[in-house]
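# Survey of secondary and tertiary structure
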Amino acid sequence: MKRILRSSTFWFAIASIALICDNFINTGSEGLLLAFSNYPLYTYLTSNVFNHFPRNANLVWYSWHFITYICCGLIIDIFRYKMKKT
């Protein structure tokens, strides 16, 4: 349990779920917090290449946001593991 709580992947997943819940409840941020907390994903999803998804397809936005946050956490965990090993 201690290992999971020290994992960056776990905390990035929690942060992503919190941002998704905030956007789903729509507490007044109008989706700006979700979109700009992951700006490279936002620019990619709104580009002409990936423009065939409608703007209100929340499942696509939420799943991509969660996946990219998990990947960021994994990258940080791998980097920490490599630094600790050397």
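Residues numbered from 1 in each chain as written. Predicted model: local features only at pLDDT ≥ 70, side-chain atom pairs only at ≥ 80, totals over all residues. Heavy atoms only, no water.

## A closer look at the pattern of salt bridges
- Evaluated as defined, the whole model comprises 1 salt bridge.
- Measuring nitrogen to oxygen at the nearest pair gives 3.7 Å for the salt bridge that ties Arg 80 to Asp 77. Pair noted here: Arg 80 and Asp 77 are both in helix α5 (residues 58–85), with a separation of 3 residues, about one helical turn.
- For Arg 80, a relative accessible area of 38% gives the class partly exposed. (Salt bridge = Lys/Arg side-chain N within 4 Å of Asp/Glu carboxyl O. Helix = DSSP H or I, 4+ residues; strand = E, 2+ residues; numbered from the N terminus. Buried < 20%, exposed > 50% of the residue type's maximum accessible area, 1.4 Å probe, protein only.)

## A short note on the layout of surface pockets
- Within this model, the second largest pocket holds a volume of roughly 290 Å³.
- At 4 residues, α5 tops the list of elements feeding residues into the lining of the second largest pocket.
- Of the residues belonging to the lining of the second largest pocket, the class tally is 1 nonpolar, 1 polar and 5 charged. (1 Å grid on protein atoms, 1.4 Å probe; cavity = no way out; pocket = protein on both sides within 12 Å on 5 of 7 lines; lining within 4 Å. Points joined across faces, edges and corners; volume = space filled by probe spheres on them. Nonpolar A, V, L, I, M, F, W, Y, C, P; charged D, E, K, R; others polar.)

## Re a positive patch on the surface
- Judged by side-chain charge, Lys 2, Arg 3, Arg 6 and Lys 84 come together as a positively charged surface patch.
- One can find Arg 3 in helix α1 (residues 2–5). (Patch = residues over 30% accessible without salt bridge, like charges linked within 9 Å, V, L, I, M, F, W, Y side chains within 5 Å. Areas by Shrake-Rupley, 256 points an atom, 1.4 Å probe, with all protein chains shown as cover. Lys, Arg positive; Asp, Glu negative; His and termini not counted. Charge placed at Lys NZ, Arg CZ, Asp CG, Glu CD.)

## Examining the environment of Leu 5
- For Leu 5, the position within the fold is in helix α1.
- Other than its neighbours up to four places away in sequence, Leu 5 contacts Phe 10 and Trp 11. (Contact = heavy atoms within 4.5 Å.)

## Digging into a nonpolar patch on the surface
- Among the surface-exposed residues, Met 1, Leu 5, Trp 11 and Ile 14 lie close enough to one another that they form a single nonpolar patch of about 450 Å² accessible area.
- Within the secondary structure, Trp 11 sits in helix α2 (residues 8–25).
- Residue classification places Trp 11 among the partly exposed residues on the basis of a relative accessible area of 45%.

## Looking at the packing of α2 against α5
- Relative to each other, α2 and α5 sit at 160 degrees, their axes nearing to 7 Å. Classified by the interaxial angle, the pair formed by α2 and α5 is roughly antiparallel. Here the hand of the crossing between α2 and α5 comes out right-handed. The residues of α5 that touch α2, namely those facing Ser 8, Thr 9, Phe 12, Ala 13, Ala 15, Ser 16, Ile 17, Leu 19, Ile 20, Asn 23 and Phe 24, are Tyr 62, His 65, Phe 66, Tyr 69, Ile 70, Cys 72, Gly 73, Leu 74, Ile 76, Asp 77 and Arg 80. (Axes fitted to C-alpha atoms, helices over the stretch in contact; angles between N-to-C directions. Parallel < 35°, antiparallel > 145°, perpendicular 65-115°, else oblique. Left-handed = near helix turned anticlockwise from the far one by under 90°.)

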